[in-house]
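So the chains spell out like this:
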Amino acid sequence: MKKIAVFGKPGSGKSILSKRLAVATGVTLYPLDSMLYESNGSLVDREVYEDKHESILSSERWLIDGFGPIESFYRRLHMADTLIYIDLPYFVSYWLVTKRCLKGLVVRPEGWPEGSSVLKGTLESYRVLTQCPRFWNDGFVSKLEGMSADKSLYVIRSVSELNRFVEQHVESV
């Protein structure tokens, strides 16, 4: 695992898994949200994002979690040697988004972009979740399987698999 892409629906545990992977592998983590958003919560200029994304992809080792613009998402999948798709059931994703929001009323979620409203982000996550079946579906999994001939592909389908992933798939550095 040297070039790792972690992706899935909102609230699926991408950030938590990515942090654990970064510690276990020693690979630098680049949370996509921190590349996409300014400290005040507004989107960065698209060209600035693309330049930073390409610079990271051209490096020897990286771990990027998130989705982002579709073109850069597929470029990242192409460049990665390890694809980790978190495909939790929808009711679990809705619950995890809700849980993050409730906790966010007390303390800002870890990794949440500074200046971004947790409530607005939660509403956006719910909106995106309603649209996800059009993208995150069996056709997408087939596409992943087709592009992963020279890669390691992991599809995580439960919270217990998510919680055990690092221990089961990563040798200590």
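Further up the page is the structure itself.
This part is about the sheet that holds strand β4 (residues 82-86). One open sheet holds the five strands; their spatial order is β2-β3-β1-β4-β5, and the pairing between them is parallel. Taken across any chain shown, the strands that pair with only one partner, and hence form the sheet edges, are β2 (29-31) and β5 (152-156). The mean inter-strand angle of the sheet, taken between neighbouring strand axes irrespective of direction, is 15 degrees. Bridge analysis of strand β1 (residues 3-8) against strand β3 (residues 62-65) gives four bridges, and the strand direction is parallel. Across the sheet, residue Lys 3 finds its bridge partner in β3, namely Trp 62. Strands β1, β2 and β3 of the sheet are contacted by helix α3 (residues 46-57), whose axis makes an angle of about 140 degrees with β3. In the packing of helix α8 (residues 159-169) onto the sheet, the strands contacted are β4 and β5, and the crossing angle to β5 comes to about 150 degrees.

Now for the packing of aromatic side chains. Per the stated rule, a full pass over the model turns up 19 aromatic pairs. Geometrically, the ring pair formed by Phe 73 and Tyr 74 is edge-to-face, given 5.3 Å between the ring centres and 65 degrees between the ring planes. Take Phe 73: its relative accessible area is 0%, and that puts it in the buried class. A relative accessible area of 23% places Tyr 74 in the partly exposed class. Aromatic side chains Trp 136 and Phe 140 sit 5.0 Å apart centroid to centroid with 85 degrees between the ring planes, which places their arrangement in the edge-to-face category.

It is worth spelling out a negative patch on the surface at this point. Taken together, Glu 38, Asp 45, Glu 47 and Asp 51 make up a surface patch of like negative charges. Looking at where Glu 38 falls in the secondary structure, it is placed in the loop between α2 (32-36) and α3. Residue Glu 38 is classed as partly exposed on the basis of its relative accessible area, which comes to 39%.

Let us now look at the packing of helix α5 (residues 90-104) against helix α6 (residues 118-131). Between α5 and α6, the least distance of the axes is 9 Å, while the angle of their chain directions is 175 degrees. The angle between the axes of α5 and α6 places the two elements in the roughly antiparallel class. In this structure, α5 uses Tyr 90, Ser 93, Tyr 94, Val 97, Thr 98, Arg 100, Cys 101 and Gly 104 to contact α6, whose residues at the interface are Val 118, Leu 119, Thr 122, Ser 125, Tyr 126, Leu 129 and Thr 130. Its residues assigned to classes, the contact of α5 with α6 shows eight nonpolar, six polar and one charged.

Counting across every chain of the model gives six salt bridges. Ionic pairing is found between Lys 9 and Asp 87, a salt bridge with its closest N-O pair at 3.2 Å. With a gap of 78 residues between them, Lys 9 in the loop between β1 and α1 (14-25) and Asp 87 in the loop between β4 and α5 connect regions that are remote in the sequence. Accessibility assignment for this pair places Lys 9 and Asp 87 in one class, buried. Linking Glu 124 and Arg 127 is a salt bridge whose minimum nitrogen-to-oxygen distance equals 2.5 Å. Of this pair, Glu 124 and Arg 127 both sit in helix α6, separated by three residues, roughly a single helical turn.

Each value, and the rule that gives it
Residue positions are given per chain, counted from 1 along the sequence in the order it is written. Local features in a predicted model are, by the rule used here, given only for residues with pLDDT of at least 70; side-chain atom pairs are given and counted only at 80 or more, and totals for whole chains, interfaces and linings are based on all residues. For side-chain calculations, the full set of non-hydrogen atoms in the structure is used, while hydrogens and water are omitted. Pairing between strands is defined by DSSP: at least two bridges between the two strands are required. In DSSP terms, a helix is any run of H or I states spanning at least four residues, a strand is any run of E spanning at least two, and both are numbered starting from the N terminus. Angular values range over 0 to 180 degrees, each being the angle between N-to-C directions of two axes fitted as lines to C-alpha atoms, with helices fitted over their stretch in contact. Contacts are residue-level and defined by heavy atoms, with any inter-residue pair within 4.5 Å sufficient. In this analysis, rings of Phe, Tyr and Trp, with Trp reduced to its six-membered ring, are considered paired at centre separations within 6.5 Å, and the interplanar angle assigns stacked below 30 degrees, edge-to-face beyond 60, and tilted for intermediate values. Burial classes: relative accessible area under 20% of the type maximum marks a residue as buried, over 50% as exposed, and values in between as partly exposed (1.4 Å probe, protein chains only). Patch membership needs two things, relative accessible area over 30% and no salt bridge, and members are linked within 9 Å if like-charged or within 5 Å if nonpolar (Val, Leu, Ile, Met, Phe, Trp, Tyr). Note on areas: these come from Shrake-Rupley sampling with a 1.4 Å probe, and a residue is covered only by the protein chains present in the view. Salt bridges are defined by distance alone: a side-chain nitrogen of Lys or Arg within 4 Å of a carboxyl oxygen of Asp or Glu. In this charge count, Lys and Arg are treated as positive and Asp and Glu as negative; neither His nor the chain ends contribute. In this description, the location of a charge corresponds to atom NZ of lysine, CZ of arginine, CG of aspartate or CD of glutamate. The scheme is simple: roughly parallel for angles under 35 degrees, roughly antiparallel for over 145, roughly perpendicular for 65 to 115, oblique for anything else. Residues are sorted three ways: Asp, Glu, Lys and Arg are charged, Ala, Val, Leu, Ile, Met, Phe, Trp, Tyr, Cys and Pro are nonpolar, and all the rest, Gly among them, are polar.

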